[in-house]
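Descriptive structure summary
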Amino acid sequence: MNASTTERDEATGATPTSYHHTRVVEFAGRTLRARVERGYYINQSFAVAEVLSDQMTWTSLAADAPSNWWHDTPRPSPDIHAATALGSLTERLLVRATEILAAPPATQTLSPHVHGAIGALLQ
């Protein structure tokens, strides 16, 4: 993570059938969360980075398909150290989320024809 990111929270857990790692950070005045869950089966797994909206709901910013990482992680067990097994993936998701938020907003340029048509409608 870059220097302008502040760690806020971290949670992990493991059961015989799954394990998970969640990190929450603050970046540029926004709260970001990376959540990864590795289930016993690939279709029970996910990896997502989210931003907390002004309405206090989580909005997805980036995701990584389980097929990209599931096979490289250990099978679930209560003895798994989830932060070790999934830490690099949560880190990559948070880096992607900060890059998305740091990117300047795309500017939309209207063609003169559209601009003229809108102006005509507003008169």
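Preceding this paragraph is the structure being described.
Residues numbered from 1 in each chain as written. Predicted model: local features only at pLDDT ≥ 70, side-chain atom pairs only at ≥ 80, totals over all residues. Heavy atoms only, no water.

Some points on the pairing of strand E5 (residues 58–63)
Residues in a regular strand point their side chains to alternate faces of the sheet. Of the strand pairs in this sheet, strand E4 (residues 46–52) and E5 are connected by five bridges, and their pairing is antiparallel. Bridging across to E5, Ala49 finds its partner in Ala62. Counting the residues between successive antiparallel strands, the hairpin from E4 to E5 contains five residues, one of them, Met56, with a positive phi of roughly 65°. (Pairing = 2+ DSSP bridges. Helix = DSSP H or I, 4+ residues; strand = E, 2+ residues; numbered from the N terminus.)

Some details on the environment of Asp64
Its place among the elements puts Asp64 in the loop between E5 and helix H1 (82–102). Given the relative accessible area of 15%, Asp64 is considered buried. Sequence-wise, Asp64 and Ala49 are 15 residues apart; in three dimensions their C-alpha atoms are separated by 8.9 Å. At 2.7 Å, the side chain of Asp64 and the side chain of Asn68 are in polar contact. (Buried < 20%, exposed > 50% of the residue type's maximum accessible area, 1.4 Å probe, protein only. Polar contact = N/O pair within 3.5 Å; in protein donor to acceptor, adjacent residues only side chain to side chain.)

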